[in-house]
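Spelled out from the first residue to the last, the chains are:
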Amino acid sequence: MHASKYRFTSAHLFYAVTLTATAVALFGWLGLPIALFVLLIWWQVLVGVHREGDEHHAQVNRARARRKVRGTRAAVSKAELLVTLLTIGLLVGLLTPASSDSDPLRHAEISMRMVAKALREYHAEHGEYPPPVTCDAHGAPMHSWRALLLPYLDEEPLAAAYHFDEPWNGPHNAPLAQYRPWHFRIYDPQLDFNATTTSMQALPLDGQMLLLEHEESRCNWLEPEPADPTLLARFATVPPVDRGFWHTGFFWSQFRGRLIVSSTNSFQIHPVDATELQARLTAPPASSELLEIGKPHAQFHFGNILHLVTFVLVALYPIHWLHHLRSRNPPLP
């Protein structure tokens, strides 16, 4: 008896298109090779089971022993289990986030503490903190507090090259923006697309000089910006998942907060009302630890969950075809 070939039908084509669409919706363009991988596995399994069905018919015709046929049926169950385990393993491998020793929030805290130390040294030498903006005799902005801190951040060559007798964007000073000190960088690598910008701002508050890091407060690090009293109000909002400090996951992500550093304390700020935030900042306990204000915010990705469930249902649908192939095997005489 010659073995028949397993035929490719329109149902198989519809399944391939549906699987590819759900894989792309879940994984992006990476879903194309993933869908192809799943399709190849199922094709091999279905062809193998179809061939085993032909052998079963031959065994029935020759009235072979029941044990051997039962062994063939057990192989079908193992094929189902194998495909299921491969699909689950594929999903676990793709959805498990890669571990990284790089922590932007921790790097930002270290940098801001170094800038706070420079502020203390400036205060110890001058008896006051640097003004957010220095102006000329006509009231025009000239220099930022960041430029005044250069000698205290071990940036003596940059401080010597900076001309305080011309504006920050003058012919000698403007080219220096490309040499932004490391501590003034934007700490999220996805947002640091311009080597001259910074997200660190300063805010005088009750005799203190607060350093604030906010993903939306970006400017040229040399630009003199007046202290913005609305900065604290911006800390009540939650940024998009692709902005700021997040623990990003497939099913849910947690916003880790923003940073505020004073001369004595470091604060990890979760979304909180500006009035409550100011009250906590003006009377903080002195501590070297990172203090948390507010409650962490979590965001569930229901769209990803729906796409995952749909992909799993579609990927495992050929189990129905396996049962159909097995049902065609006639009972032994």
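Just so you know, these numbers come straight off a predicted model, no measurement behind them.

A. Just the pairing of strand β2 (residues 141-144), in detail. Strand direction decides the pairing type here: strand β1 (residues 133-135) and β2, joined by 3 bridges, are antiparallel. The partner of T134 across the bridge, within β2, is H143. Between β1 and β2, which follow one another and run antiparallel, lie 5 residues, and G139 among them has a positive phi close to 85°.

B. Molecular detail of the packing of aromatic side chains. Under the defined criterion, the tally for this structure stands at 7 aromatic pairs. Considering the side-chain rings of Y122 and Y152, the 5.6 Å spacing of their centres and the 70° angle between planes classify their relative orientation as edge-to-face. With Y122 in helix α4 (residues 104-126) and Y152 in the loop between α5 (145-148) and α6 (156-161), this residue pair connects regions lying 30 residues apart in the sequence. Judged by its relative accessible area of 10%, Y122 is buried. For Y152, a relative accessible area of 17% corresponds to the buried category. A ring pair is formed by F184 and W221, whose centres lie 6.1 Å apart and whose planes are at 25°; its orientation type is stacked. A residue pair is termed long-range when its members are at least 10 positions apart, and F184 in the loop between α6 and β3 (197-198) and W221 in the loop between β6 (219-220) and α7 (231-234) qualify at 37 residues. Three or more aromatic residues joined by ring pairs make a cluster, and in this case those are W145, F184 and W221. If you follow R258 out to its NZ or CZ, it ends over the ring of F235, 5.8 Å from the centre.

Conventions adopted
- Residues numbered from 1 in each chain as written.
- Predicted model: local features only at pLDDT ≥ 70, side-chain atom pairs only at ≥ 80, totals over all residues.
- Heavy atoms only, no water.
- Pairing = 2+ DSSP bridges.
- Helix = DSSP H or I, 4+ residues; strand = E, 2+ residues; numbered from the N terminus.
- Phe/Tyr/Trp six-rings, centres within 6.5 Å; stacked < 30°, edge-to-face > 60°.
- Buried < 20%, exposed > 50% of the residue type's maximum accessible area, 1.4 Å probe, protein only.
- Lys NZ or Arg CZ within 6 Å of the ring centre and 35° of its normal.

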